[in-house]
Structure formats: C-alpha cells, structure tokens
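Residue-level structural notes
Next come the chains, spelled out residue by residue.
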Amino acid sequence: MKPITLIVSVVLAIGLGSYLLLESQGADSRADENRTPSSLISVHVGTLERMTVHRYVTGYGLVEPEPATAQRPAAAAAISAPVTGVVTDVKVAAGQRVRRGQLLMDLNSGAMTEAYAAQEAARQRKLYAAHNTSLKALQEADARLALLRVTAPLSGTVVRLNVGPGTAVSTRTVLAEVIDLRRLVVRVDIPRAAATELATGQTLNVPGTPPIMTRLRYISPAVNQSDGTVTTWAPLPPGSGLQRGQFVRIRIVTMTHRDSLVAPAASVVRGIGAHGVLWMVRGDEAIRMPVRTGLRDGGWIEVSGPGLRSGMPVVTVGAFGLPRRTRIQIVDAAAGPSDSAASRSPRTP
C-alpha cells in the first residue's frame, strides 16, 4: 500500500472513531437529562404560603416630650427664675405630679419678700373691693407677687428639681423641669434617600413584647445639613412603658401587599434585580424554577411564577448550589429523615 493511501486510511479511522465516541457521549448526556440523577442530597423543606407582607423604613429613635404644634403647646417646660433672688420655699419634690398653675416655690428678691408681696396684694384687693384704690394699683401688686411665686406652666410630672431653699438664682437659672409623661413621642432622623418613601399617617411600630403601634405625625420639610437626614416623629400611646431619653428601634411601614404568595427566605436564591430561583420538591427530586421576587418581610419573600400556589413544598436549607434537577432526601431537623415535606406556618405580621 502506498504511504499516502495509508495516511488517509489512518486519518479516516481516527475521525470515525472520534465521531462514534462523541455520539456515544451525546447519547449518554441526553439520557442523563431524561433520567433521574443518581446523587442523593439531604435538604430541609418548607412550603409556599399566603400572607400579608410589608416594606419598611427602619431606624433608631429617641423618646422625648411632644414638641409644640398648632393645636397645643409643648409637653415639656424648663422653668427659669422670673427675677434674681433667693429661693425661700420649695413646695414640690422630684417625681411629683402637678397641675397647671400649681405653686412650686417662693422667692425673695432685693427688699421685697414673697410674704410682704402677698400681704400687699391682699390689701389692694380689699381696698379695690371697697372702691378705695385703683385697678392699676391692684394689678401692679398682683404682678409683684407673681414674680416671687413660681408656678407650673403645664400639668405634668416634676422630672428635675435643681434648687432648694437658700439657693441664689438669676433669670438664667433653670429651677425645675416639668413634663407631661402622657405626651411622649419617638423622634427618628431618617436618611434623605429613604425619607422619600415616607408619608404622614403611615404605621410606625416599635418591636417589643408587646410591640408598640402608632402613626407617623410629622415629617420635616427640610434636610438636616449636619448629617443629611430628615426629622420625623410619632406620638407614643399613654402607658407605652418607654421612658424619656430611651433609644428604640423602629420600623415604618411604607408598603403593604395583602394575600401575597411568599416563600421562606432560605429557599430563594436571589439573582439580579427581581429575579430569583426556587427548587420545587416533586417526589424525591428537587427541580430548579426561576421566579420573580418582591417584598421581603422577616423570614419570608414574595414570589411569583407560573404554576406556583400555596402549600407547594420547596427546598430551604441546602438550596444554594443544587443542580438543575437532583434526587434529594428530605430531612426534618426535629425528627430526622422524612419522605414528606415539612410544613411551616408563616408568622402573622
């Protein structure tokens, strides 16, 4: 046989062998796609559920007295001395509840004592009743007495008492602080980007046992130049148990979807944007299914896709990295291996 003919025969033989090998591998691959995989992977499962889900703006707030509004004055007052003098008598104690106008303490100022001013005011009232003095004289006597008597500007609790009998004071001295503890608010400074989702009337909750629910009442129209936040506040219900100066975690509900189909958060492998993947449990197999994702609320994620419905089992723990289709062994963490899906009930938001 000629060398050229021999070379051609060898090349043809190699090519034919390669073709047969590739064809065999392709046939095996196609058979694998139609055949249940032989691998067995242990996973945990949950179920799709229907529930109400929310989107939140979260942050930390400070409990403080309600600021003044167009409807009513502020819920706190720092009481300063009306004149320079000396405190002669303190009639209340820290922690005591007082009513508006109640006498808190007496002062002496210069040559005028509270006792003398009280006697003079009483004398002028008697003279005025007998038409023996003018209204102006009576009003001046009452005004002098008022400067030496410190009264509560609002009903509330004396939360701070800074002076005692014998203390010298000036008009810059803060004598006491009174707060209406039934009118507390939680003030929250929200980053400007997140504040665009806010509106007055939205639900604000303070997680706890039990949680505290209220509604957003005020959103500042201006941005704080120091930190780029927007100040908001919401009134706390009386008896909330929170104290002035306390920091609390808050959530403001900015969106609500009712009767939404949700999956356990551990079952959703998130993709780009609103895309994700679930592994649906069918018998002893887990099958990959693309889904669209929505709101995430706690341990649940809103999902949508063809054929999805409440009660369908999905892989939770072990979902990440699964092949498109694989045999699984369902594990119940409490009872050990099981052949049935573990049903998990959603929390009520």
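Structure report, in brief. (Residues numbered from 1 in each chain as written. Predicted model: local features only at pLDDT ≥ 70, side-chain atom pairs only at ≥ 80, totals over all residues. Heavy atoms only, no water.)

**Points about the overall build of the protein chain**
Short version of the rule: Working definition: helices are DSSP H or I runs of at least four residues, strands are E runs of at least two. Numbering for both runs from the N terminus. When a residue's accessible area, from a 1.4 Å probe over protein chains only, is under 20% of the maximum for its type it is buried; when over 50% it is exposed; and in between it is partly exposed. Residue contacts are defined here by distance: any two heavy atoms, one from each residue, within 4.5 Å place the two residues in contact. Here the Shrake-Rupley method, with its probe set to 1.4 Å, supplies the accessible areas, and only the displayed protein chains count as covering residues.
Looking only at helices and strands, the protein chain features 4 helices and 24 strands. Within the protein chain, the proportion of its 349 residues that are buried is 36%. Within the protein chain, residue pairs in contact and separated by at least 24 positions form 73% of the contacts whose partners lie at least 6 positions apart. Just so you have it, the protein chain exposes about 20100 Å², and 55% of that area is on carbon and sulfur atoms.

**Description of the layout of surface pockets**
Our working rule: A pocket here means an open set of points on a 1 Å grid, computed over the protein atoms alone, that has protein on both sides within 12 Å along at least five of seven lines. A cavity is instead a set of points where a 1.4 Å probe fits but cannot get out; residues with an atom within 4 Å of a point line either one. Grid points are joined across faces, edges and corners, and a volume is the space filled by probe spheres set on the points.
In this structure, the second largest pocket encloses a volume near 160 Å³. Looking at the second largest pocket, it is lined by 14 residues, and the ones nearest its centre are Leu181, Arg182, Leu184, Leu242 and Gln243.

**Focus: the side chain of Gln124**
Within the secondary structure, Gln124 is located in helix H2 (residues 114–129). For Gln124, a relative accessible area of 7% puts it in the buried group. Beyond its immediate stretch of four places on either side in the chain, Gln124 contacts Thr133, Ala137, Leu138 and Ala141.

**Some details on the nonpolar core**
To keep it simple, the criterion reads: Remark: nonpolar core denotes a set of buried residues (Ala, Val, Leu, Ile, Met, Phe, Trp, Tyr, Cys) joined through side-chain atoms within 4.5 Å.
One finds Val98, Leu107, Val169 and Leu175 to be the most contacted residues of the largest nonpolar core, which totals 24 residues. Broken down by secondary-structure element, the contributors of at least two residues to this core are strand S4 (76–80), strand S7 (103–108), H2, helix H3 (135–147) and strand S11 (174–179). Apart from residues no more than four positions distant in its own chain, Val98 is found in contact with Val92, Leu104, Ala152, Leu154, Ser155, Gly156, Val158 and Val178. Within the second largest apolar cluster, 19 residues are counted, among which are Val63, Leu198, Leu204 and Leu242.

**Examining the sheet that holds strand S5 (residues 85–90)**
Worth spelling out the cut-off: Here the rule is simple: two strands pair whenever DSSP picks up at least two bridges between them.
Taking strand neighbours across the sheet as the criterion, the 4 strands line up as S8-S7-S5-S10 in an open arrangement whose pairing is antiparallel. In this open sheet, the two edge strands, each paired with only one partner strand, are strand S8 (149–151) and strand S10 (168–169). Pairing of S7 with S8 involves 3 bridges; the strand directions are antiparallel. The residue bridging Leu103 from the neighbouring strand is Thr151, located in S8.

**Examining the pairing of S7**
Where S5 meets S7, 4 bridges bridge the pair, whose relative direction is antiparallel. Counted as the bridge partner of Val90 is Met105 from S7.

**A closer look at H2**
Here is the rule: Multiplying 1.5 Å by the helix residue count minus one yields the expected span of that helix. Taken from the helix axis, the directions to the C-beta atoms give the arc we talk about.
In this model, H2 (16 residues) spans 23 Å end to end at C-alpha, consistent with the 22 Å of a helix rising 1.5 Å per residue. Looking only at H2, the buried set comprises Glu114, Ala117, Ala118, Glu120, Ala121 and Gln124. On an axial view of H2, the arc spanned by its buried residues comes to 165°, and they lie on one face. For H2, exposure combined with an orientation more than 90 degrees from the buried face picks out Gln119 and Lys126. For H2, the secondary structure elements touched by its buried residues are S7, H3 and S8. Following H2 by one or two positions, His131 has its phi on the positive side, about 60°.

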